[in-house]
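# Structure at a glance
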Amino acid sequence: MLERLYIENVAVIERAEIEFFSGFNILTGETGAGKSIIIDSLGLLLGQRASKDLVRTGCPYAYVAGRFALSGAAVHHKLDELDICPEDDGTLFIERKFTAEGKSTAKIGGRPVPLASLKELSPYLVVIHGQHLNQRILDPATHIGYLDGYLGSNAAMAEYVSQYKLTQAARRELLRLQRLDADKQERLDMLQYRIDELTRAHLSAGEEEALIARRDAAANAEKLKTAIHAARALLYDMDGSACERLTAAAAALDPASAHSAKLRELDDRLRTLAVEAESVSDDLRAAGGEVDDAGSLDEIEQRLAELRRIRKKYGGSISAAMELLESSVRERDEFEGMSQRVAAQAAEFERLALCLAERAEALTNARRAAADRLAAAVMEKLAFLDMEKCVFEIRIEKSEKFTANGRDTVEFFLSANPGESPKPLAKIASGGELSRIMLAIISVLSEGDPADTVIFDEVDSGVSGKTAQKIGVLLKAAARRPQVLCVTHLAQIAAMADSHLLITKQADADRTTTTVRILDEQGRREELARILGGMQITDAALQAADALIAEGRKQTERFR
């Protein structure tokens, strides 16, 4: 339930803090005073798109905040899904701020959240039935949504949706296989050419780097050989080589090493150096052999050129070309038995499609049963609203196309006068009839809404007199839920209020400002008299207001 709404710098509202109560909350005021801006501000708080034009002229930003008291398992379950924790006292504090530059932020409990979270949460907090509801209800495309809203959580709907997803997935796989089968020979030819070319290339990881090293060695072979021979001669081959001198030095120390630990250590080190010098000499000889084995420079360049071509053609690297070879082999193997795979997938799709048709039939039957109940409930409401002679029908027709919502088309039909056959709603309803039909439908549907708060924003156009009073009774009945907010111009409806808020607009030389205040009993009398009598509040208008308030109290007692 909405407990408090704070609005700052939204259109003509500079700053307003509004307290709402349980029961039937009425908002009235002259045209243009800002009643709809309050509802729009609440819509912004619940994730609706923010327009920078709503920022009050000359202000850098607009800000809306609201506190909700939570009840019911549905909203707590949704909060768990969104990983949002309410306050310890069971309330939820939501903020929305947007700038004149178009930037927008949202917070719940002080924590930033995406607008998508607000939109997902909003149906569990508030349901807004706005001024354009009459136009929406004339669109047959919306009628299936109204019916399904009345149907609510239903096994037939859940089973159909699950089966539809499975069937669509099978259909996509069948189409994929059919496309592969249709292009099979052309694709196979291309794959085989690629496999043959890459296989002949005998690719291996690191080959290109090794070839580059060999190319450098082959290009500098004479220089390398000369250096290797010279170093080896100095170490081992020539008379007086390093190995000979080290060995001779060690031998010279031999006689004295028996008498000195230090000399024994040095003797050992000299012999170790002699062995290491001989080992280096052997390694130099091996290095010389590698230079001899480096191969022809032309052969190396040819192989490198081949690898560069492969690399450029197949993915930019040798490793990418090797991976492409593996994937091409796998894809070629997939084509084996393709016709059998297509046939098997077609059979699977056919099986799932038959099951989908059965689920669709069950959903249609569930909708037909719900349509009968909804039509009867709406006609009961219409009879109360002085349209007792009308016939309201919900017609369901099957289409050939299966969609995520079933295969049904739903349309509302109405006969407003005895003897007339029902016709599509858009073709026969006048403005006053349409308001009553819409309110009858919404009052029935709203009984199943999970939200604690329902808002009716000027949905009573085109009615007056006794019918207006009955609409007030209907809205009052809806307030048996925790909270109903209603923006109205009708005194008969305003008289039913548990709490009456007056929106007024003041203009000075520079600015226009809207204020909101809760009316006491005298304020309610005067406001109802203004609505009834216009600019002059006469004694007759005050007496009429008193009569309406008295009748409103009777209705209040009726719905307690």
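From a predicted model like this one, the values you see are computed outputs, not experimental measurements.

## Topic: the sheet that holds strand 10 (residues 406–415)
- Strand order across the open sheet formed by three strands is 9-10-11, with antiparallel pairing between neighbours. At either end of the open sheet lies a strand with only one pairing partner, and these are strand 9 (391–403) and strand 11 (423–424).
- Sheet analysis places strand 10 next to strand 11, joined by two bridges and oriented antiparallel. Residue pairing in the sheet places F413 in a bridge with P424 of strand 11.
- Relative to the sheet, helix 6 (residues 155–182) contacts strand 9 and strand 10, its axis offset from that of strand 9 by approximately 20°.
- On top of the sheet, helix 14 (residues 338–384) reaches strand 9 and strand 10; it is set at about 160° to strand 9, its chief contact.

## Description of the nonpolar core
- Among the nonpolar cores identified, the biggest contains 67 residues, and F24, L382, F392, I394 and F456 are the most heavily contacted of them.
- Considering each element in turn, this core owes the most residues, ten residues, to helix 14.
- Here I394 is in contact with L147, A371, L374, A375, V410, E411 and F412, once residues within four sequence places are set aside.

## A few points about the packing of helix 6 against helix 14
- As a packed pair, helix 6 and helix 14 sit with axes 8 Å apart at the nearest point and diverge in direction by 155°. Viewed along their axes, helix 6 and helix 14 adopt a mutual orientation that is roughly antiparallel. As for the relative orientation of helix 6 and helix 14, their crossing is left-handed in sense.
- When its residues are assigned to classes, the contact of helix 6 with helix 14 shows 21 nonpolar, five polar and eight charged.

## Topic: the packing of helix 7 (residues 184–200) against helix 13 (residues 318–334)
- One can describe the packing of helix 7 onto helix 13 by two numbers: an axis separation of 9 Å at closest approach and a directional angle of 140°. Compared by their axis directions, helix 7 and helix 13 come out oblique. When the axes of helix 7 and helix 13 are compared, the crossing they make is left-handed. Residues R187, L188, L191, Q192, R194, I195, L198 and T199 of helix 7 form the contact with helix 13, whose participating residues are A321, L324, L325, S328, V329, E331 and R332.
- Taken together, the residues that form the contact of helix 7 with helix 13 break down as eight nonpolar, three polar and four charged.

## A closer look at the pattern of salt bridges
- Scanning all chains against the criterion turns up 25 salt bridges.
- For E120, the salt bridge goes to K78, with nearest N and O atoms at 3.1 Å. Of this pair, E120 sits in helix 3 (residues 115–121) while K78 sits in helix 2 (residues 73–81), and the two are 42 residues apart along the sequence.
- Looking at E120, the relative accessible area reads 38%, which means it is partly exposed.

## So, the packing of aromatic side chains
- Under the criterion given, the structure shown has four aromatic pairs.
- Judged by centre distance (6.3 Å) and plane angle (35°), the ring pair of Y146 and F412 falls under tilted. With Y146 in helix 5 (residues 143–151) and F412 in strand 10, this residue pair connects regions lying 266 residues apart in the sequence.
- Arranged with centres 6.0 Å apart and planes meeting at 25°, the rings of Y160 and Y164 form a pair that is stacked. On the criterion of helical spacing, the pair formed by Y160 and Y164 is a turn pair, its members being four residues apart in helix 6.
- The ring of Y61 is capped by K97, whose NZ or CZ atom sits 4.4 Å from the centre of that ring.
- Directly above the ring of F413 sits R395, whose terminal nitrogen or CZ lies 4.0 Å from the centroid.

Calculation rules
Residues numbered from 1 in each chain as written. Predicted model: local features only at pLDDT ≥ 70, side-chain atom pairs only at ≥ 80, totals over all residues. Heavy atoms only, no water. Pairing = 2+ DSSP bridges. Helix = DSSP H or I, 4+ residues; strand = E, 2+ residues; numbered from the N terminus. Contact = heavy atoms within 4.5 Å. Axes fitted to C-alpha atoms, helices over the stretch in contact; angles between N-to-C directions. Core = buried A, V, L, I, M, F, W, Y, C linked by side-chain atoms within 4.5 Å. Buried < 20%, exposed > 50% of the residue type's maximum accessible area, 1.4 Å probe, protein only. Parallel < 35°, antiparallel > 145°, perpendicular 65-115°, else oblique. Left-handed = near helix turned anticlockwise from the far one by under 90°. Nonpolar A, V, L, I, M, F, W, Y, C, P; charged D, E, K, R; others polar. Salt bridge = Lys/Arg side-chain N within 4 Å of Asp/Glu carboxyl O. Phe/Tyr/Trp six-rings, centres within 6.5 Å; stacked < 30°, edge-to-face > 60°. Lys NZ or Arg CZ within 6 Å of the ring centre and 35° of its normal.

These results come straight from atomic positions and should not be treated as a statement about function.
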